[in-house]
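Chain by chain, the residues run as shown.
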Amino acid sequence: VLPMEGGGVVGLALIGQGRHEEAIAIFDDVITRGRETEFVPRWTARTLNMSSLPFRELYDLDEARRRNEQAAELGAQAGFAMAEIQSGIDQVFLDLLEYEPGRAHSRMPRLIEQADASKGWHQWLMRGRLAEAAAEIALAKGDAEAAATAAYRAIKEAAAVSRRKYETAARLVLGRALLQMKVHDTAEAELRAALAGAERLTHPPTLWRAWWSLSEALARTGDDRGAEEA
């Protein structure tokens, strides 16, 4: 039986390896025990937010949002603002997956304000996630130049605290933005850097995104064989 504090982290590690079914089973066990034993549901709220990730990656977006909304409710009950903020950030990425960049954008000002007001080591995590989200939103809205600017900022935020996951995600946005701006050589270089980061992470969905993005860049430059291999 995994402890309440560590069970969610084990689940995240399994997701990083593409072992989503195992992760969901662990999350659900921790959540069930939390509901049964916690008077102040801090760890339950935290784990609910973590457990939304595999459902986002499997495109069960309704279940992912349900878990985030429950996490926010429990976080409010426990006076645990971190759970509410992380729930909001997760829902920004859900909005993007639902092709609703305007709705995602409307959430950002309050989340940025809350993250800036927070204390402790989680602040850099929230700031990094929000920086990457800003780049994704700009790209989804069709503003490649704004997306590139935001992506550079997100890369800087992530690199400063050695967050390879968010640096890689931001480089993917940057490469795709540069591709739209027809800066093909630089776009390809950024996407290859993103692919190298994804290969170090070994997270299957990130790898797939990186290879697909690189294939698009190679096709644009006329490297049909490279695009096919990618």
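Details of the structure are given in the entry above.
Residues numbered from 1 in each chain as written. Predicted model: local features only at pLDDT ≥ 70, side-chain atom pairs only at ≥ 80, totals over all residues. Heavy atoms only, no water.

1. Observations regarding the overall build of the protein chain
And then number 1: Looking only at helices and strands, the protein chain has 12 helices and 0 strands in total.
And then number 2: Put simply, the protein chain runs from its N terminus to its C terminus through helices and strands in the order α-α-α-α-α-α-α-α-α-α-α-α.
And then number 3: Scaling as 2.2 N^0.38, a compact globule of 230 residues should have a C-alpha radius of gyration of about 17 Å, and the protein chain matches this with 18 Å.
And then number 4: Here the protein chain holds 230 residues, and the buried ones make up 49% of them.
And then number 5: Considering only contacts within the protein chain whose residues lie at least 6 apart along the sequence, 56% involve residues at least 24 apart.
And then number 6: Summing over all exposed atoms, the protein chain offers an accessible surface of approximately 11,600 Å²; the carbon and sulfur share of this is 52%.
And then number 7: The centroid of the 29 positive side-chain charges in the protein chain is displaced by 4 Å from the centroid of its 35 negative side-chain charges. (Helix = DSSP H or I, 4+ residues; strand = E, 2+ residues; numbered from the N terminus. Rg over C-alpha atoms; globule rule 2.2 N^0.38 Å. Buried < 20%, exposed > 50% of the residue type's maximum accessible area, 1.4 Å probe, protein only. Contact = heavy atoms within 4.5 Å. Areas by Shrake-Rupley, 256 points an atom, 1.4 Å probe, with all protein chains shown as cover. Lys, Arg positive; Asp, Glu negative; His and termini not counted. Charge placed at Lys NZ, Arg CZ, Asp CG, Glu CD.)

2. Some remarks on the pattern of salt bridges
And then number 1: Using the criterion set out here, one finds 19 salt bridges in the structure.
And then number 2: Between Arg-171 and Glu-190 there is a salt bridge whose closest N-O contact spans 2.7 Å. Of the two residues, Arg-171 sits in helix 9 (residues 164-180) while Glu-190 sits in helix 10 (residues 184-201), which places them 19 residues apart along the sequence.
And then number 3: The class of Glu-190 is buried, set by a relative accessible area of 13%.
And then number 4: Arg-220 serves as the salt-bridge partner of Glu-216, at 3.8 Å between the closest nitrogen and oxygen. Placement of the pair is Glu-216 and Arg-220 together in helix 11 (residues 204-220), with a separation of 4 residues, close to one helical turn. (Salt bridge = Lys/Arg side-chain N within 4 Å of Asp/Glu carboxyl O.)

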